[in-house]
Amino acid sequence: MGESGLTVTFHGVRGSTACHDPQTHRYGGNTSCVSIKSANDAPIIFDLGTGLRYINSSQSETELRPEPFVGTCLLTHLHWDHIQGLPFFRSMLCEETVLDIYAPKQEDGRGLREIFLKKICPPIFPISLNEFKATINFHEIGDDDFMIGNTKVMSRFVPHTGPTLGYRITAGNSTVTYLSDHQQPVTGFALTTGARQICQGTDLLIHDSQYTPAEFELKSDWGHSTFEFAMWVAETTSAKRLALFHHDPSRTDDALDVIAQRLAGVAKNRGFEVFAAAEGMSVEVVA
Ligand SMILES: [Zn+2]
Ligand SMILES: [Zn+2]
């Protein structure tokens with residue numbers, strides 16, 4: 001990792017629900033969670049899906065002695081597949097853990113802590129969120145520009161189902177955009193101003209690519225994008241690299257290989273790179 005570079009690690013790349021079977025194990029079955037490390041700042045995590053469990057948990061001894069985590073989560077929205085990892089994050093058991101969660105303010109005015117407390121409590125989970133030793137701070141945001149340490153963050157509301165944010169972070173000259181759940185227009189391709197702002201010229205665009213065009217016809221208002229739309233977003237905003245993300249739980253590894261290989265050829269001709277994000281993969285982003 002260079003002085004101004006970012007290391008992006010994919011801990012969960014699946015959308016909608018976790019899955020595990022021989023046909024999805026290579027790309028991985030955990031839901032949305034991506035971590036960002038930079039030389040000068042505490043870690044930033046995009047989303048708290050089931051992949052979160054794999055942060056700070058590589059050694060078996062940490063099962064017994066969890067490591068504290070001090071950092072930030074930029075949460076896109078509150079759907080299950082983006083929050084379900086939180087109560088299983090071992091660092092939640094440490095008193096020294098301080099997790100700042102930024103998430104979209106809700107249209108009905110309900111607070112984030114109130115919503116999380118209703119999802120992490122008996123009888124749904126053995127203990128309440130308030131009983132974990134970790135300190136969790138919630139920050140309700142919308143279309144905002146702010147700093148986390150030395151990292152610049154842009155959050156913008158994007159079309160999905162319910163209040164949902166996309167994020168752009170910049171550390172030094174390196175930029176990463178995270179647009180995990182993004183409703184493509186039902187007909188034609190277009191971008192909202194906010195989505196365009198966070199994508200424009202980014203070094204790495206992590207974008208929803210849940211559906212094939214045939215699947216999109218059946219689920220055109222379920223809040224997601226096709227591979228083709230993700231490609232168009234990358235090209236039209238001059239993104240340098242595109243990570244296909246939020247894979248459908250029914251998408252097999254072999255099918256994803258074929259799609260990613262075909263799109264890699266298309267992207268090359270259009271002046272950018274594309275790959276399918278896989279669990280455990282780390283990518284260096286240097287502008
Ligand atoms: Zn999702
Ligand atoms: Zn969603």
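Quick note: structure is the one above.
One structure accompanies this document, and this report is about it. (Residues numbered from 1 in each chain as written. Chains lettered and ligands numbered in written order. Predicted model: local features only at pLDDT ≥ 70, side-chain atom pairs only at ≥ 80, totals over all residues. Heavy atoms only, no water.)

Quick look at the coordination of the zinc ion (ligand 1) now. Listed as protein donors to the zinc ion (ligand 1) are D81 (OD), H82 (NE2), D181 (OD) and H246 (NE2); their distances from the metal cover 2.1 to 2.2 Å. Here the zinc ion (ligand 1) is ringed by 4 donor atoms whose angles at the metal span 93 to 166°, and the overall shape comes out irregular. On the primary sequence, the residues serving as donors to the zinc ion (ligand 1) are separated as D-H-x98-D-x64-H. In this structure, the zinc ion (ligand 1) lies 3.5 Å away from the zinc ion (ligand 2), the two metals sharing D181 as a donor. The class of D81 is buried, set by a relative accessible area of 5%. What makes H82 buried here is its relative accessible area of 0%. (Donors = N, O, S within 2.8 Å, 3.2 Å for Na, K, Ca; no water. Tetrahedral: all angles 85-135°; square planar, octahedral: opposite > 155°, others 65-115°. Buried < 20%, exposed > 50% of the residue type's maximum accessible area, 1.4 Å probe, protein only.)

This brings us to the coordination of the zinc ion (ligand 2). Coordination sphere of the zinc ion (ligand 2), protein contribution only: H77 (NE2), H79 (ND1), H160 (NE2) and D181 (OD), at 2.1 to 2.5 Å. Coordination at the zinc ion (ligand 2) is irregular, judged from the 4 donor atoms that bind it and the angles of 88 to 172° they form at the metal. Judged by relative accessible area, which is 30%, H79 ranks as partly exposed. D181 sits in the buried class, given a relative accessible area of 2%.

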